[in-house]
Amino acid sequence: VYYFLVRVVRLVCFWHNRKTADSRSFSIDYKNNCFQKDGKPFQYISGSIHYSRIPREYWKDRLLKMYMTGLNAIQVYVPWNFHETVQGVFNFAGDRDLEYFLNLANQTGLLVILRPGPYICAEWEMGGLPAWLLQKPNIILRSADTEYLKPASEWLAELLTKMRPWLYQNGGNIISVQVENEYGSYFACDYNYMRHLHTLFRLFLGEDVILFTTDGNTDKEMICGTLEGLYATIDFGTDTNITAAFIRQRRFEPKGPLVNSEFYTGWLDHWGEKHASVDTVKVSKMLGEMLSMGASVNMYMFEGGTNFGYWNGADHDSRFRSVVTSYDYNAPLSEAGDPTDKLLAIRDVIKNFRDIPVGPMPPATPKFAYGFVTLQKVLLDTLSPQGPVRSQYPLTFEEIKQYYGFMLYRTTLPRNVPEPTPLISPLNGIHDRAYVSVNGVYQGLMERDTALVMNVTGQQGDQLDILVENMGRINFGSYINDKKGLLGNLILGNDVLTDWSIYPLDIDTAVANGWLQAAHSGSAMEAGDGPMIYSGTLKSTGLAWDTFVKLNGWTKGQVWVNEVNLGRYWPQRGPQQTLYVPGPFLSATQPNNITVLELERAPSHRRILFMDRPQLNNTGQKT
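Residues numbered from 1 in each chain as written. Predicted model: local features only at pLDDT ≥ 70, side-chain atom pairs only at ≥ 80, totals over all residues. Heavy atoms only, no water.

Undergrad: Whenever I open this one, the packing of aromatic side chains confuses me. Can you help?
TA: Note on aromatic pairs: each is described by the distance of the centres and the angle between the planes. The tally for this structure, following the rule as stated, stands at 37 aromatic pairs. Between phenylalanine 368 and tyrosine 370, the aromatic rings sit 4.7 Å apart at their centres with planes inclined by 70°, giving edge-to-face as the arrangement. On the accessibility criterion, tyrosine 370 (14% relative accessible area) is buried. The rings of Trp80, Phe90, Phe92, Trp132, Tyr148, Trp155, Tyr183, Tyr186, Phe187 and Tyr193 are connected pair by pair, giving a single aromatic cluster. Over the ring of phenylalanine 372 we find arginine 607; its NZ or CZ atom is 4.2 Å from the centre of that ring. (Phe/Tyr/Trp six-rings, centres within 6.5 Å; stacked < 30°, edge-to-face > 60°. Buried < 20%, exposed > 50% of the residue type's maximum accessible area, 1.4 Å probe, protein only. Lys NZ or Arg CZ within 6 Å of the ring centre and 35° of its normal.)

See below:
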């Protein structure tokens, strides 16, 4: 009996040890101040990449370049509004196929640090929150307000259920998950909200996954952004003292790994400001110092990508500042995914801490200068097939459920105004730019925070058109309840304007259906002032390579190639002078349709130029 029991014990120990060896785990070793992966100390060297800013066809290329640089992990934001543009309708197909992206990363050999929000900032429209939340006029975003918490919880239930199989301990590659994002920067400081999220994340992801917070390098941010049960990490860039920053993290996490969740390799651009850059020597030197301390580091961004369509965010400090279309970020991989000198310098640093994969770095994607395309003005009766909404007073984008792009507000002049008469937005209610015409003749523009009065003339009964552009909702700080359109009454002289017809403009559908290619008005028509649409064709060349479109002499607007909205151009304001056109957006065998919405004034030549390199650093007119 004794020998039988010994054999049983030995058998149990054998199978236990085998199970332990085969099991996957990722945890925090508080005793040795490090992460543990499969029972061994682990330090991650990670880079941020946003699948929502990169064409699906290029995901594998970008991930492979990150892996070949020596990264062992990536950090990924999940924008709620990208997946639930209509409340209750979840879209994870095509360019929104997050699980396909995670699988590509897994195949490439990259672990994942997931940042599902529900708020992400990221210089993304409304910080990733869906604009339909603003239909509730008194909603307190990022708080325990039930009007916010209910849809946020429904979103997280949908998303986190999909993510659970991708956790590392479940056979996937997600090693940690962030709860909310930089919450200490927000005014609410609502611990009940954070506790609710903590409970939700545990409910859907289980007890084993590491949940963490990320906050800026100040006491206030760390106090309001951290919560017991969530591992507190910190973020900072090259202008910060490393020792002081990690001492601050240690005050909130006395034990465990040092983590810089956002080490800034570059910075974002706003229209009218100088193109941001961060010195490569400073980045590589500081990265080496942090890794030498044993810290785990995520570089934000490793590739930024592009704010296609209307996805750019905005900031508001003393005034509203919209983020440009390019999210190049002066990152190690350029907007077009090309390796830079900064990437090579970072790889040389990483070599000192882990083995770099053997083999050549994948090359830059091929570029082509397709040359000039001349555009023609388009005749189009309406871009609002469903017709107008009629209202005594102006309604916002959100009230009409037109969340992005443009709306046309139309009324008539209530009396004769033979002399220039001020048209006023008394409560700064232009969100964000308004292009004003009388009887189809462009009068000028009004702009949030900067141009709230302009003069008009006309006769009683003349048609007054105000095309309002949403320039991107605020993504950071206390003003993220950023409604768009005319937020209050407009006053002409002493008269409050009433009896509005409001047209939600669906330009993207018109482009997708080819309506704007079918009605050329002929090249003899002169270019005019005010909002107009132009179209043309880029002939097939047998190539579908990356290119960059430059709009010399054009003022401000939006560009579509085939059915894809490339984003906003504003060369007169700068710094960005070209828009990135990924090769997958083009056809090598069929003519490519080009559509331009010019909002202020087109040049007489009406040409645009397709180049083989970007121009992101020419500052135009200052705001």
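Undergrad: I tried to follow the UniProt feature "active site" (unreviewed entry) in the protein chain on my own but got confused; where do I start?
TA: Here the UniProt-annotated "active site" (unreviewed entry) positions come out as Glu182 and Glu262. The largest pairwise C-alpha distance within this set of annotated residues, which runs over 81 residues, is 10.6 Å, so the set is compact in three dimensions. Note that glutamate 182 resides in the loop between strand S7 (174-178) and helix H6 (191-205). Judged by relative accessible area, which is 10%, glutamate 182 ranks as buried. Residues in contact with glutamate 182, not counting those within four places in the same chain, are Arg142, Thr214, Asp215, Asp235, Glu262, Tyr264 and Phe476. Mapped onto the secondary structure, glutamate 262 falls in strand S10 (residues 259-264). Here glutamate 262 is in contact with Tyr77, Arg115, Asn181, Glu182, Ile234, Asp235, Phe236, Asn298 and Tyr300, once residues within four sequence places are set aside. Of note is the side chain of glutamate 262, whose polar atom sits 3.1 Å from the side chain of tyrosine 77. (UniProt positions renumbered as here; feature names shortened; annotations may be inferred. Helix = DSSP H or I, 4+ residues; strand = E, 2+ residues; numbered from the N terminus. Contact = heavy atoms within 4.5 Å. Polar contact = N/O pair within 3.5 Å; in protein donor to acceptor, adjacent residues only side chain to side chain.)

Undergrad: Explain the UniProt feature "domain: Beta-galactosidase 1-like first all-beta" (unreviewed entry) in the protein chain here, please?
TA: UniProt feature "domain: Beta-galactosidase 1-like first all-beta" (unreviewed entry): in the numbering of this structure it lies at residues 394-506. End-to-end, the C-alpha atoms of residues 394-506 are 19 Å apart, and along that stretch the chain is 4% helix and 49% strand.

Undergrad: Is there a simple way to think about the layout of surface pockets in this case?
TA: For the largest pocket, the calculated volume is near 950 Å³. Lining the largest pocket are 37 residues, and of these Arg96, Gly309, Tyr310, Trp311 and Asp508 sit closest to its centre. The set of elements that each furnish at least two residues to the lining of the largest pocket consists of helix H3 (80-83), helix H12 (507-512) and strand S31 (564-569). No other element matches H12, which puts 4 residues into the lining of the largest pocket. (1 Å grid on protein atoms, 1.4 Å probe; cavity = no way out; pocket = protein on both sides within 12 Å on 5 of 7 lines; lining within 4 Å. Points joined across faces, edges and corners; volume = space filled by probe spheres on them.)

Undergrad: Explanation requested: helix H10 (residues 341-350) in the structure shown.
TA: Three- or four-residue spacings in an α-helix give side chains the same orientation, since the helix completes a turn every 3.6 residues. When you tally the buried positions in H10, you get 7 out of 10 residues, the bulk of the element. Of all the positions in H10, only Lys342, Leu343, Ala345, Ile346, Arg347, Val349 and Ile350 are classed as buried. Where H10 is buried, its residues contact strand S4 (45-49), helix H2 (59-69), helix H9 (280-292) and strand S11 (296-303).

Undergrad: Can you help me understand unusual backbone geometry in this one?
TA: In most cases, non-glycine residues show a negative phi, while peptide bonds are predominantly trans. At the junction of glycine 117 and proline 118, the peptide bond is cis and its omega measures out at 20° in the coordinates. Looking at the secondary structure, you find proline 118 in the loop between strand S6 (111-115) and helix H5 (146-163). Following histidine 431, the chain continues to aspartate 432 via a peptide bond in cis, the omega torsion being 20°. Even without a glycine there, the phi angle at cysteine 121 is positive, about 65°. For cysteine 121, the position within the fold is in the loop between S6 and H5. Residues other than glycine seldom take positive phi values, yet asparagine 330 does so here, at roughly 55°. Relative to the elements of secondary structure, asparagine 330 occurs in the loop between strand S13 (320-322) and H10.

Undergrad: Would you mind showing me how to read the pairing of S31 here?
TA: A regular strand places its side chains on the two faces of the sheet in alternate fashion. The buried fraction of S31 is high, at 5 of 6 residues. As judged from the 5 bridges shared by strand S30 (residues 557-561) and S31, these two strands associate in the antiparallel manner. Residue pairing across strands places tryptophan 560 opposite asparagine 565, the latter belonging to S31. Hairpin connection of S30 to S31: 2 residues between the antiparallel strands, including asparagine 562 at a positive phi of 55°. (Pairing = 2+ DSSP bridges.)

Undergrad: I keep staring at the packing of H9 against H10 and nothing clicks. Help me out?
TA: When two helices pack together, their arrangement is given by the angle between the helix axes and the distance between those axes. In the contact formed by H9 and H10, the axes pass within 9 Å of each other and the chain directions differ by 25°. Comparing their axes, H10 and H9 come out roughly parallel. The way H9 lies across H10 gives a crossing that is right-handed. Along its contact with H9, which presents Thr280, Val283, Ser284, Leu287, Gly288 and Leu291, the element H10 presents Asp341, Lys342, Ala345, Ile346 and Val349. Taken together, the residues of the contact of H9 with H10 sort by class into 6 nonpolar, 3 polar and 2 charged. (Axes fitted to C-alpha atoms, helices over the stretch in contact; angles between N-to-C directions. Parallel < 35°, antiparallel > 145°, perpendicular 65-115°, else oblique. Left-handed = near helix turned anticlockwise from the far one by under 90°. Nonpolar A, V, L, I, M, F, W, Y, C, P; charged D, E, K, R; others polar.)

Undergrad: Could you clarify how one ought to interpret the environment of glycine 553 in this entry?
TA: In this fold, glycine 553 is placed in the loop between strand S29 (547-550) and S30. Look at glycine 553 and you get partly exposed, because its relative accessible area is 47%. With 18 residues separating them in the primary sequence, glycine 553 and proline 571 have C-alpha atoms 8.0 Å apart. In contact with glycine 553, not counting residues within four places along its chain, are Arg601 and Pro603.

Undergrad: How should the nonpolar core be read in this particular structure?
TA: Where a protein is soluble and globular, its nonpolar side chains tend to be buried together. Residues Ile74 and Leu141 are the most contacted members of the largest nonpolar core, which totals 151 residues. Sort the elements by how many residues they give to this core and H5 lands first, with 8 residues. With near-sequence residues (within four places) excluded, leucine 141 lies in contact with Met126, Leu129, Leu133, Leu134, Tyr148, Tyr186, Ile480 and Asn481. Residues Ile430, Met454, Leu464 and Ile466 belong to the second largest nonpolar core, which totals 23 residues. (Core = buried A, V, L, I, M, F, W, Y, C linked by side-chain atoms within 4.5 Å.)

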